[in-house]
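Close look at the chain arrangement
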Amino acid sequence: MILLIGGTLLTWLLKLQPAHVVSVAAWFRRGAQLGALIQVGLCCWVIASWRTIVALGFKHGYVAKHELRAVLGLRWRAAGAMAIYLALVPIGAGNIARFILGLIS
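Here's what I pulled together on the structure shown here. (Residues numbered from 1 in each chain as written. Predicted model: local features only at pLDDT ≥ 70, side-chain atom pairs only at ≥ 80, totals over all residues. Heavy atoms only, no water.)

1. Digging into the overall build of the protein chain
Filter applied, for reference: Strands are runs of DSSP state E lasting at least two residues, helices are runs of H or I lasting at least four, and both sets are numbered from the N terminus onward. All radius of gyration figures rest on C-alpha atoms, and the globule criterion is 2.2 Å times the number of residues raised to 0.38. Partly exposed residues are those whose accessible area sits between 20% and 50% of the maximum for their type, while under 20% is buried and over 50% is exposed, using a 1.4 Å probe and protein chains only.
Along the protein chain, the regular secondary structure elements total six helices and zero strands. Ordering the α and β elements of the protein chain from the N terminus gives α-α-α-α-α-α. In summary, the protein chain has a C-alpha radius of gyration of 20 Å against a globular reference of 13 Å for 105 residues, an excess of more than 25%. C-alpha atoms of the protein chain, sized along the principal axes, occupy 60 × 45 × 15 Å. Across the 105 residues of the protein chain, 15% fall into the buried class.

2. Considerations on helix α1 (residues 2-15)
Selection rule: Here the expected length of a helix is defined as 1.5 Å per residue gap, with one fewer gap than residues.
With 14 residues, α1 extends 20 Å between its outermost C-alpha atoms, agreeing within 8% with the 20 Å of an ideal straight helix rising 1.5 Å per residue. Burial analysis of α1 places just zero of its 14 residues in the buried class, a small minority of the element.

3. A short note on the environment of A32
In this fold, A32 is placed in helix α2 (residues 18-48). Of the residues examined, A32 reaches a relative accessible area of 48% and is grouped as partly exposed. Considering only alpha carbons, one finds A32 and I91, 59 residues apart in sequence, at a separation of 8.9 Å.

4. A word on the nonpolar core
This is how the line gets drawn: Residues grouped as a nonpolar core are buried Ala, Val, Leu, Ile, Met, Phe, Trp, Tyr and Cys residues, joined through side-chain atoms within 4.5 Å. Contacts were defined at the residue level, with two residues in contact if any of their heavy atoms lie within 4.5 Å.
Formed by C43, V46, I47, W50, V54, A78, A79, M82 and L86, the largest nonpolar core amounts to nine residues. Elements with a contribution of two residues or more to this core: α2, α3 (50-59) and α5 (75-88). It is α5 that contributes the most residues to this core, four residues altogether. Residue contacts for V46: discarding those within four places in its chain leaves I53 and M82.

Spelled out as C-alpha coordinates, the structure:
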(Lines give C-alpha, C1' and ligand atoms only; values in the text may rest on other atoms or scores of the structure.)
Protein backbone atom coordinates (compact mmCIF):
# COMPACT_ATOMS: atom_id res chain seq x y z
CA MET A 1 0.00 0.00 0.00
CA ILE A 2 2.84 2.37 0.88
CA LEU A 3 4.55 1.60 -2.43
CA LEU A 4 1.33 2.30 -4.30
CA ILE A 5 0.86 5.67 -2.59
CA GLY A 6 4.54 6.55 -3.03
CA GLY A 7 4.48 5.57 -6.70
CA THR A 8 1.34 7.59 -7.32
CA LEU A 9 2.84 10.63 -5.59
CA LEU A 10 6.09 10.29 -7.53
CA THR A 11 4.23 10.01 -10.83
CA TRP A 12 2.21 13.10 -9.95
CA LEU A 13 5.37 15.06 -9.04
CA LEU A 14 7.11 14.05 -12.27
CA LYS A 15 4.22 15.44 -14.31
CA LEU A 16 4.39 18.87 -12.63
CA GLN A 17 6.25 21.87 -14.01
CA PRO A 18 9.45 22.76 -12.06
CA ALA A 19 7.87 25.95 -10.65
CA HIS A 20 4.95 23.94 -9.28
CA VAL A 21 7.30 21.38 -7.70
CA VAL A 22 8.94 24.17 -5.68
CA SER A 23 5.56 25.42 -4.44
CA VAL A 24 4.47 21.87 -3.53
CA ALA A 25 7.74 21.35 -1.63
CA ALA A 26 7.16 24.61 0.27
CA TRP A 27 3.62 23.47 1.13
CA PHE A 28 4.93 20.14 2.51
CA ARG A 29 7.61 22.00 4.48
CA ARG A 30 4.94 24.16 6.15
CA GLY A 31 2.95 21.01 6.90
CA ALA A 32 6.01 19.42 8.50
CA GLN A 33 6.50 22.49 10.69
CA LEU A 34 2.87 22.35 11.75
CA GLY A 35 3.24 18.64 12.56
CA ALA A 36 6.30 19.35 14.70
CA LEU A 37 4.41 22.08 16.58
CA ILE A 38 1.50 19.72 17.19
CA GLN A 39 3.87 17.07 18.54
CA VAL A 40 5.57 19.58 20.85
CA GLY A 41 2.16 20.66 22.16
CA LEU A 42 1.09 17.07 22.68
CA CYS A 43 4.27 16.25 24.61
CA CYS A 44 3.79 19.31 26.82
CA TRP A 45 0.18 18.27 27.45
CA VAL A 46 1.30 14.73 28.46
CA ILE A 47 3.82 16.10 30.97
CA ALA A 48 1.33 18.63 32.36
CA SER A 49 -1.38 15.95 32.67
CA TRP A 50 0.93 13.20 33.95
CA ARG A 51 -0.99 12.61 37.22
CA THR A 52 -4.31 12.38 35.37
CA ILE A 53 -2.88 10.00 32.76
CA VAL A 54 -1.38 7.75 35.46
CA ALA A 55 -4.66 7.81 37.40
CA LEU A 56 -6.51 6.80 34.25
CA GLY A 57 -4.00 4.00 33.68
CA PHE A 58 -4.51 2.84 37.28
CA LYS A 59 -8.29 2.93 36.87
CA HIS A 60 -8.14 0.77 33.74
CA GLY A 61 -5.59 -1.67 35.18
CA TYR A 62 -2.52 -0.62 33.18
CA VAL A 63 -0.73 0.52 36.35
CA ALA A 64 -0.77 -1.74 39.41
CA LYS A 65 -1.19 -0.33 42.91
CA HIS A 66 2.37 -1.21 43.91
CA GLU A 67 3.68 0.60 40.78
CA LEU A 68 1.75 3.82 41.28
CA ARG A 69 4.42 5.78 43.18
CA ALA A 70 7.18 4.70 40.81
CA VAL A 71 5.20 5.61 37.70
CA LEU A 72 4.29 9.02 39.13
CA GLY A 73 8.02 9.57 39.73
CA LEU A 74 8.83 8.86 36.08
CA ARG A 75 7.34 12.15 34.89
CA TRP A 76 10.66 13.92 34.27
CA ARG A 77 12.29 10.86 32.73
CA ALA A 78 9.37 10.71 30.32
CA ALA A 79 9.80 14.43 29.67
CA GLY A 80 13.49 13.86 28.89
CA ALA A 81 12.71 10.98 26.55
CA MET A 82 10.10 13.08 24.74
CA ALA A 83 12.53 16.01 24.47
CA ILE A 84 15.16 13.74 22.90
CA TYR A 85 12.55 12.33 20.51
CA LEU A 86 11.40 15.82 19.51
CA ALA A 87 14.97 17.00 18.95
CA LEU A 88 15.85 13.99 16.80
CA VAL A 89 12.73 13.27 14.77
CA PRO A 90 10.18 16.02 14.05
CA ILE A 91 12.37 19.06 14.75
CA GLY A 92 15.69 17.67 13.54
CA ALA A 93 19.28 18.67 14.05
CA GLY A 94 19.31 20.89 10.95
CA ASN A 95 16.43 23.04 12.18
CA ILE A 96 17.99 23.34 15.64
CA ALA A 97 21.32 24.41 14.08
CA ARG A 98 19.57 26.98 11.86
CA PHE A 99 17.74 28.37 14.91
CA ILE A 100 20.96 28.69 16.94
CA LEU A 101 22.84 30.25 14.02
CA GLY A 102 19.94 32.67 13.54
CA LEU A 103 20.22 33.73 17.18
CA ILE A 104 23.99 34.20 16.92
CA SER A 105 24.00 36.27 13.74
